[in-house]
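The chain contents come next:
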Amino acid sequence: MLQIIFFAIFLGLGITLVGERAKPVHHFFDGLAEIMYRITGIVMLLAPIGVFGLVAPVVGQHGLSVLLPLLKVIVAVGLACLLHVLITYSILVKTLGKMSPLKFLKGIAPAGIVAFSTTSSAGTLPVTIKNTRENLGVSHSTSSFVLPLGATINMDGTAIYQGVAVIFIAQFFGLELTFTQLLTIVLTTTFASIGTAGVPGAGLIMLTMVLNAVNMPIEGIALIAGIDRILDMFRTSVNVVGDASAAVVVDAIEKQNESDSKSAGQGSTI
Ligand code: ASP
């Protein structure tokens with residue numbers, strides 16, 4: 001899978017570098033991506049029925065106690081997401097974005113809530129753009145470049161979720177993870193999150209890639225699928241808030257550069 005992702009990144013770079021003549025290839029992959037999003041949507045519509053079928057016999061055989069570890073997974077993902085927003089994003093926004101974290105969180109809260117309920121960063125994009133422009137004062141040009149890009153490739157919440165999910169599945173099957181495997185998980189969850197589409201449930205599908213990379217049973221997906229919607233709510237909110245934090249940081253740097261070059265220009269005329 002990693003080879004495929006690397007190849008995809010280089011292919012994308014190649015398409016961009018070739019420019020006009022590579023347009024048909026660009027449109028072809030764009031169309032293919034849309035088709036895959038639609039297929040994912042259809043699969044996710046049927047998923048609850050499949051998950052019900054998978055979970056019912058397990059609970060019937062072993063009782064409700066098998067669901068208890070899933071509650072721990074929900075708490076672990078929720079807590080990790082909260083800490084990521086409160087620590088990582090707040091520090092970034094404060095230090096590089098020169099904005100009070102409280103103002104940032106208040107301003108982006110509506111988009112966070114929409115992301116929580118729709119579980120789609122792509123679907124939330126119009127609200128994210130509106131909030132970052134109107135509440136956080138991010139410029140038009142920065143927000144229209146950073147946010148659509150972020151909604152496609154910046155998915156910290158998804159990476160966090162996949163990390164927790166893999167550890168949970170390993171523990172469930174009684175597998176001891178080596179240090180190298182843990183490192184591989186960090187690497188593959190990061191890449192998998194970049195490759196995850198901003199649509200509901202996409203992170204669960206990309207989880208197969210992470211499990212493959214560390215030679216873990218794919219059946220583990222079934223364990224976590226039943227609670228995926230809840231986990232998706234947390235991770236999508238983090239994904240969206242993360243995009244906005246990047247926009248705030250880039251905008252602050254851009255404005256700083258502009259004022260630096262202006263004052264340098266003024267200095268030279270004096
Ligand atoms: N639903 C997530 C998003 O749109 C992607 C995922 O499933 O992790 O950001």
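Quick notes on the rules
Starting afresh in each chain, residues are numbered from 1 along the sequence in its written order. Since the coordinates come from a predicted model, pLDDT governs what is reported: local features require at least 70, and pairs of side-chain atoms require 80 or more to be given and counted, while whole-chain, interface and lining totals use all residues. Working from all heavy atoms in the structure, the side-chain values ignore hydrogens and water. UniProt positions are given in the numbering used here, feature names are shortened, and annotations may be inferred rather than shown by experiment. Each helix corresponds to a stretch of at least 4 residues labelled H or I by DSSP, and each strand to a stretch of at least 2 residues labelled E; elements are numbered beginning at the N terminus. Only a single heavy atom is needed: when it lies within 4 Å of a molecule or strand, its residue is near that molecule or strand. Residues adjacent in sequence count toward polar contacts only when both atoms are side-chain atoms; beyond that, a polar contact is any pair of N or O atoms within 3.5 Å, and within protein one must be able to donate a hydrogen and the other to accept it. Surface exposure here means Shrake-Rupley accessible area, sampled with a 1.4 Å probe, where a residue is shielded only by the protein chains that are shown. To define a nonpolar core, start from buried Ala, Val, Leu, Ile, Met, Phe, Trp, Tyr and Cys residues and group those joined through side-chain atoms within 4.5 Å. We call a residue buried when its accessible area falls under 20% of the maximum for its residue type, exposed when it is over 50%, and partly exposed in between, using a 1.4 Å probe and counting protein chains only. The contact rule is simple, with two residues in contact once any of their heavy atoms fall within 4.5 Å. Multiplying 1.5 Å by the helix residue count minus one yields the expected span of that helix. The arc in question is the one traced by the directions running from the helix axis out to the C-beta atoms. For Phe, Tyr and Trp, where Trp contributes only its six-membered ring, two rings pair if their centres lie within 6.5 Å, and the inter-plane angle classes them as stacked under 30 degrees, edge-to-face over 60, or tilted in between. Inter-axis angles, ranging from 0 to 180 degrees, are taken between N-to-C directions of lines fitted to C-alpha atoms, where helices are fitted over the stretch in contact. Throughout, a crossing is termed right-handed when the near helix is turned clockwise from the far one, and left-handed when it is turned anticlockwise from it by less than a right angle. Classification used: nonpolar for Ala, Val, Leu, Ile, Met, Phe, Trp, Tyr, Cys and Pro, charged for Asp, Glu, Lys and Arg, polar for all others including Gly.

Looking at an unreviewed UniProt entry, one finds the chain named Dicarboxylate/amino acid:cation symporter, with Caldalkalibacillus thermarum as its source organism. Its UniProt record gives the chain a comment under Subcellular location (unreviewed entry), which states: "Membrane".

Caption draft 1: Focus on the environment of Lys 23. Relative to the helices and strands, Lys 23 is located in helix H2 (residues 23–62). Sequence-wise, Lys 23 and Asn 212 are 189 residues apart; in three dimensions their C-alpha atoms are separated by 33 Å.

Caption draft 2: How the structure looks around the site of the ligand. Residues in close proximity to the ligand total 17 residues, the closest being Ser 121, Thr 158, Gly 203, Asp 232 and Arg 235. Thr 158 places a polar side-chain atom, nitrogen or oxygen, 2.7 Å from an oxygen atom of the ligand. Within the side chain of Thr 236, an N or O atom sits 3.1 Å from a nitrogen atom of the ligand. Expressed as a share of its isolated accessible area of 270 Å², the protein-covered part of the ligand is 100%. Of all the elements in the fold, those that place two or more residues in the shell around the ligand are helix H9 (202–213) and helix H11 (228–269). Here the shell around the ligand gets four residues from one element, more than from any other, and that element is H11.

Caption draft 3: Layout of the nonpolar core. Core analysis: the largest hydrophobic core is formed by 49 residues, its most contacted members being Phe 104, Leu 207 and Ile 224. With residues up to four places along the chain from it excluded, the contact list for Ile 224 reads Val 73, Tyr 161, Ala 165, Phe 168, Leu 204, Leu 207 and Leu 231.

Caption draft 4: Local environment of helix H6 (residues 140–153). The end-to-end C-alpha distance of H6, which contains 14 residues, comes to 20 Å, matching closely the 20 Å that a straight helix rising 1.5 Å per residue would cover. The complete set of buried residues in H6 reads Thr 142, Ser 143, Val 146, Leu 147, Gly 150 and Ala 151. Here the buried residues of H6 occupy an arc of 125° about the axis, which is enough to place them on one side. Across H6 from its buried face, at more than 90 degrees, point the exposed residues Ser 141 and Phe 145.

Caption draft 5: Up close: the packing of aromatic side chains. Under the criterion given, the structure shown has four aromatic pairs. Here the aromatic rings of Phe 116 and Phe 234 are separated by 5.9 Å at their centres, their planes lie at 70°, and the arrangement is edge-to-face. Highlighted residues: Phe 116 in helix H4 (residues 101–118) and Phe 234 in helix H11, separated in sequence by 118 residues. Exposure remark for Phe 116: the relative accessible area of 33% places this residue in the partly exposed category. Ring plane angle 80° and centroid distance 5.6 Å describe the contact between Phe 172 and Phe 173, whose orientation is recorded as edge-to-face. Residue classification places Phe 173 among the partly exposed residues on the basis of a relative accessible area of 35%. Here a set of aromatic residues connected by ring pairs shows up, and it is made of Phe 168, Phe 172 and Phe 173.

Caption draft 6: Main features of the packing of helix H3 (residues 68–95) against helix H7 (residues 156–172). Here H3 crosses H7 at 145°, and the two axes come no closer than 10 Å. For the element pair H3 and H7, the recorded crossing hand is right-handed. Touching Pro 69, Leu 70, Val 73, Ala 76, Val 77, Ala 80, Cys 81, His 84 and Tyr 89 of H3 are Asp 156, Ile 160, Tyr 161, Val 164 and Phe 168, all from H7. Its residues placed into classes, the contact of H3 with H7 shows 12 nonpolar, one polar and one charged.

Caption draft 7: Broad picture of the side chain of Gln 162. By secondary structure assignment, the location of Gln 162 is in helix H7. Residue classification places Gln 162 among the buried positions, given a relative accessible area of 0%. At 3.0 Å, the side chain of Gln 162 forms a polar contact with the backbone oxygen of Gly 203. Discounting residues that sit within four places of it in the chain, Gln 162 has contacts with Thr 189, Ala 192, Ser 193, Thr 196, Gly 203, Met 206, Leu 207 and Val 210.

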